[in-house]
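Read off the chains here:
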Amino acid sequence: MKIHKLCLYTSDVARQYSFYKDDLEMKIINYEEDSFEVQCGFSILRFEFKENSVPTHFAFHIPDEQEQEALNWLKTVVPVLKYNDEQIIDFSNWNAKSVYFYDKDRNIVEFISRRNFSKPKLGVFTAENIVGIAEIGLATSNIKEVFEQLNVKSNLHKYDGDYEHFCAIGEDSGLFIVVNKHNKEWFPTNDDADPSDFKLDFEHENEKFQLKFENDTVTISE
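Rules of the game
Residues numbered from 1 in each chain as written. Predicted model: local features only at pLDDT ≥ 70, side-chain atom pairs only at ≥ 80, totals over all residues. Heavy atoms only, no water. Helix = DSSP H or I, 4+ residues; strand = E, 2+ residues; numbered from the N terminus. Rg over C-alpha atoms; globule rule 2.2 N^0.38 Å. Buried < 20%, exposed > 50% of the residue type's maximum accessible area, 1.4 Å probe, protein only. 1 Å grid on protein atoms, 1.4 Å probe; cavity = no way out; pocket = protein on both sides within 12 Å on 5 of 7 lines; lining within 4 Å. Points joined across faces, edges and corners; volume = space filled by probe spheres on them. Nonpolar A, V, L, I, M, F, W, Y, C, P; charged D, E, K, R; others polar. Pairing = 2+ DSSP bridges. Axes fitted to C-alpha atoms, helices over the stretch in contact; angles between N-to-C directions. Contact = heavy atoms within 4.5 Å. Arc of directions from axis to C-beta. Core = buried A, V, L, I, M, F, W, Y, C linked by side-chain atoms within 4.5 Å.

**Student:** Lay out the overall build of the protein chain with the relevant residues and their values.
**Tutor:** Along the backbone of the protein chain there are three helices and 18 strands. Expected size for 222 residues packed as a compact globule is a radius of gyration near 17 Å; at 16 Å, the protein chain falls within 12% of this value. For the protein chain, the C-alpha atoms occupy an extent of roughly 40 × 40 × 35 Å along the three principal directions. Counting all 222 residues of the protein chain, 50% fall into the buried class.

Written as structure tokens, this is what we have:
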């Protein structure tokens, strides 16, 4: 699965714009009063204004084996979130390592370095090294129902997890991180996993799909 475009919502467009443009120094490709878009490798991250927006979790791919360089760079920009006092978190069963931080909306943002996906890139890390969007979080009351929709309509399969607490759906190149809002929090902070609306354009097996998550309901179209 390849994520082409992810649209999230923010109640403070200007503050988020400043964070991604000035703090992370990412490339802004479109800015209006109520929205802006960020070029991040092969993906576009879009923020649109919505009152009372809800924080979520999403992840960027970074080059293989560059998590230490990414951490060193992030520490000059933003506080890094820890888990068990570790700043680089090793997901050995996923063959990946990650670093986490908050943006200005308290979205939990992840840099993930996957040994099975992106290739190594030597040298100093900057935002230009971001490969693309890797994951989007989806908090719901019914994991199984979400999985069945993704499986039937776009032929995505379970990558890890279960239907009770947490289920990763997709593949190394792109994942939905689906959690049960009633009994699972966001990793690594244990923030409440409340449903957060988003729109997603993605591709799988040479077919393109548009997904909308709104009011705890998934709608998928080609």
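Further notes follow.
**Student:** Outline the layout of surface pockets, supporting the account with residue identities and numerical values.
**Tutor:** Each pocket or cavity is described by its volume, and for the largest pocket that value is around 300 Å³. Mapped onto the lining of the largest pocket, the elements with two or more residues apiece are β13 (174–180) and β14 (185–186). Its residues placed into classes, the lining of the largest pocket shows eight nonpolar, two polar and five charged. Taken as a whole, the second largest pocket encloses approximately 150 Å³ of empty space. As for the second largest pocket, its lining consists of Lys5, Leu6, Cys7, Arg46, Glu48, Lys199, Leu200, Asp201, Gln210, Leu211, Lys212 and Ser221.

**Student:** Would you mind going over the sheet that holds strand β18 (residues 217–221) in detail, with residue names and values included?
**Tutor:** Ordered by their spatial adjacency, seven strands build an open sheet running β2-β3-β4-β1-β16-β17-β18, and the pairing between neighbours is mixed. Strands at the two margins of the open sheet, each flanked by one partner only, are β2 (27–32) and β18. Adjacent strand axes in the sheet meet at a mean angle of 15°, parallel and antiparallel pairs treated alike. When β2 meets strand β3 (residues 35–40), the two strands line up antiparallel, connected through five bridges. Opposite Ile28, over in β3, you have Val38 as the bridge partner. Across the face of the sheet, helix α3 (residues 143–154) comes into contact with β16 (198–204), β17 (207–214) and β18 while running at roughly 5° to β18.

**Student:** I'd like to hear about helix α2 (residues 67–74), residue by residue, with values.
**Tutor:** Because each turn of an α-helix spans 3.6 residues, side chains separated by three or four positions in sequence point in the same direction. Among the residues of α2, Glu67, Ala70, Leu71, Trp73 and Leu74 are the ones counted as buried. Here the buried residues of α2 occupy an arc of 165° about the axis, which is enough to place them on one side.

**Student:** Could you give an account of the environment of Leu175, with specific residues and numbers?
**Tutor:** Here Leu175 lies in strand β13. Spatially, the C-alpha atoms of Leu175 and Phe58 are 9.7 Å apart, while their sequence positions differ by 117 residues. Here Leu175 is in contact with Met1, Trp94, Arg114, Ala134, Glu135, Ile136, Tyr159, Ala168, Ile169 and Gly170, once residues within four sequence places are set aside.

**Student:** Which residues make up the side chain of Asp191, and what values do they have?
**Tutor:** Positionally, Asp191 belongs in strand β15 (residues 191–192). Sequence-distant contacts of Asp191, that is, excluding residues within four places in its chain, are made with Tyr102, Arg106, Ile108, Glu185 and Trp186.

**Student:** How would you sum up the nonpolar core? Please name residues and give values.
**Tutor:** Residues Tyr20, Leu45, Phe60, Phe111, Phe176, Phe198 and Leu211 are the most contacted members of the largest nonpolar core, which totals 51 residues. Judged by nonpolar contacts, the second largest core, of 18 residues, contains Ile89, Phe91, Ile108 and Ala168.

**Student:** Report on helix α1 (residues 13–23), specifying residues and quantitative values.
**Tutor:** Burial in α1 covers these residues: Val13, Gln16, Tyr17, Phe19 and Tyr20. Mapping the buried residues of α1 onto a view down its axis gives an arc of 160°, with all of them on the same face. Once α1 finishes, Glu25 follows within two positions and takes phi at roughly 60°, a positive value.

**Student:** An account of unusual backbone geometry is requested, with residue identities and associated values reported.
**Tutor:** Residue Phe187 is joined to Pro188 through a cis peptide bond whose omega torsion reads 0°. Mapped onto the elements, Pro188 comes out in the loop between β14 and β15. Within the chain, Glu65 stands out as a residue other than glycine whose phi angle is a positive 65°. Along the chain, Glu65 falls in the loop between β5 (57–62) and α2. Look at Glu65 and you get exposed, because its relative accessible area is 51%. At Asp85, a residue that is not glycine, the phi angle is positive and equals roughly 70°.

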